[in-house]
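Remarks on the overall topology
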Amino acid sequence: MAAVCDRFGLGMAVTPGMRVAGFHHNDVWRIDTITGAYAVKRMGGPPPGSAVAIELAALAAGVQVPAPVASPDGAYAAELDGAWVRVHRWLDGRGPTLAELTPELAQHMGALLADVHRAGSGADPEDTGGSVEAGDDRLGSLLEATERPEGGGTVVRTHGDLHPKNVLLRVDGSLALIDWDTAGAYVAEQEAAGVALDWAARLDGGVDLERFDAAVRGYGGLPAEPWVFGGWVRGYLGFLGRAEGDERDRTLARLTRLAEDLPRLVSRLS
């Protein structure tokens, strides 16, 4: 932590640093110094420069984001003791529980995502996908049904993973968006449909239709076409290939339920 303070110009630490639970892919600590409170993240590698730029653009547009901290030489990531480190101003909040995922909160998230997309508009068309394997015929049919037509949708620079685990619910009921390390060019309509699914997820793998409708309404509506779900399908199929145990079972259940519910969900979009 002393090296982090020196590298990023945080001033002298007044706490030794406290490990923060709940982060799956990175190690995160809170540290308090004479200049304030900070979140220190140790990563597996440096974030691409485009991800930091997207994060900063959202912050400049008024989206609630923990402010990234640059070192005195302007770098937003530094390699220390064999690992890459980023620093943000600390924001109080916590991930919302399932009980707190109300239709009102889902609608708020949809509206917030629309703000992020406006801040990231004007991205160049590019390949926003990659190859994935379905694994069985039913999931193969789902992948085919949700394939995006060439040139379909609007490419924007955006977060890319706005699952509730990457959002802080604050005391005043507002939402702050964290973990922008996978930010990049994505299809706006597909990210919005994926956010609606993730914020409407039930424990049995199904979709809470009231929360789903609220998220779509907050975003401003979506085309009533199956391809808008294609980004979510491809993302979870990719994760299914890496997941194990209960995580794999939950992911498979969600994909299977979407295959069953796809016509009904498409009919609710507008």
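Residues numbered from 1 in each chain as written. Predicted model: local features only at pLDDT ≥ 70, side-chain atom pairs only at ≥ 80, totals over all residues. Heavy atoms only, no water.

For the chain, the helix and strand inventory stands at 8 helices and 9 strands. Burial analysis of the chain (270 residues in total) assigns 47% to the buried set. Of all intrachain contacts in the chain linking residues separated by at least 6 positions in sequence, the fraction that spans at least 24 positions is 71%. Surface accessibility of the chain: about 13100 Å² in total, with carbon and sulfur atoms responsible for 51%. (Helix = DSSP H or I, 4+ residues; strand = E, 2+ residues; numbered from the N terminus. Buried < 20%, exposed > 50% of the residue type's maximum accessible area, 1.4 Å probe, protein only. Contact = heavy atoms within 4.5 Å. Areas by Shrake-Rupley, 256 points an atom, 1.4 Å probe, with all protein chains shown as cover.)

With that out of the way, let us pick up the pattern of salt bridges. A full pass over the atoms with the stated rule returns 19 salt bridges. Close ionic contact of Arg30 with Asp92 constitutes a salt bridge, the shortest N to O distance being 3.8 Å. You can see Arg30 sitting in strand β2 (residues 27-33) and its partner Asp92 sitting in the loop between β5 (83-89) and α3 (103-119), a full 62 residues away along the chain. Accessibility expressed as a relative area gives 23% for Arg30, which makes it partly exposed. When salt bridges with common partners are traced through the structure, they connect Lys41, Glu55, Arg86, Asp179 and Asp181 into a single cluster. (Salt bridge = Lys/Arg side-chain N within 4 Å of Asp/Glu carboxyl O.)

Looking now at the sheet that holds strand β3 (residues 36-43). The 5 strands are arranged β1-β2-β3-β5-β4 in an open sheet whose pairing can be described as antiparallel. On the outer flanks of this sheet lie β1 (18-19) and β4 (78-80), each paired with one strand and no other. Relative to β5, β4 runs antiparallel, the two sharing 3 bridges. Bridging from a neighbouring strand, Glu79 pairs with Trp84 of β5. (Pairing = 2+ DSSP bridges.)

So, on to the nonpolar core. The biggest cluster of nonpolar side chains holds 54 residues, and the ones touching the most others in it are Met109, Leu177, Trp199, Phe212 and Phe229. When sequence neighbours within four positions are dropped, the list of residues in contact with Phe212 reads Ala196, Leu197, Ala200, Val207, Phe229, Leu265, Arg268 and Leu269. Judged by nonpolar contacts, the second largest core, of 12 residues, contains Phe8, Tyr38, Ala78 and Leu80. (Core = buried A, V, L, I, M, F, W, Y, C linked by side-chain atoms within 4.5 Å.)

Turning our eyes to something else, we now look at the environment of Tyr219. Here Tyr219 shows up in helix α6 (residues 209-219). In this structure Tyr219 comes out as buried when scored by relative accessible area, which is 18%. Along the backbone, Tyr219 and Glu189 are 30 residues apart, and their C-alpha atoms lie at a distance of 9.6 Å. Residues in contact with Tyr219, not counting those within four places in the same chain, are Gly110, Ala111, Leu113, Ala114, His117, Ala188 and Ala192.

What follows covers the packing of helix α7 (residues 230-240) against helix α8 (residues 245-267). It is at 10 Å that the axes of α7 and α8 come closest, and there the two elements cross at 150°. By the criterion of interaxial angle, the relationship of α7 to α8 is roughly antiparallel. In the packing of α7 onto α8, the handedness of the crossing is left-handed. Contact with α7, carried on its side by Trp232, Val233, Tyr236, Leu237, Phe239 and Leu240, involves Glu247, Arg248, Thr251, Leu252, Arg254, Leu255 and Leu258 of α8 and no other residues of that element. Of the residues that constitute the contact of α7 with α8, the class distribution is 9 nonpolar, 1 polar and 3 charged. (Axes fitted to C-alpha atoms, helices over the stretch in contact; angles between N-to-C directions. Parallel < 35°, antiparallel > 145°, perpendicular 65-115°, else oblique. Left-handed = near helix turned anticlockwise from the far one by under 90°. Nonpolar A, V, L, I, M, F, W, Y, C, P; charged D, E, K, R; others polar.)

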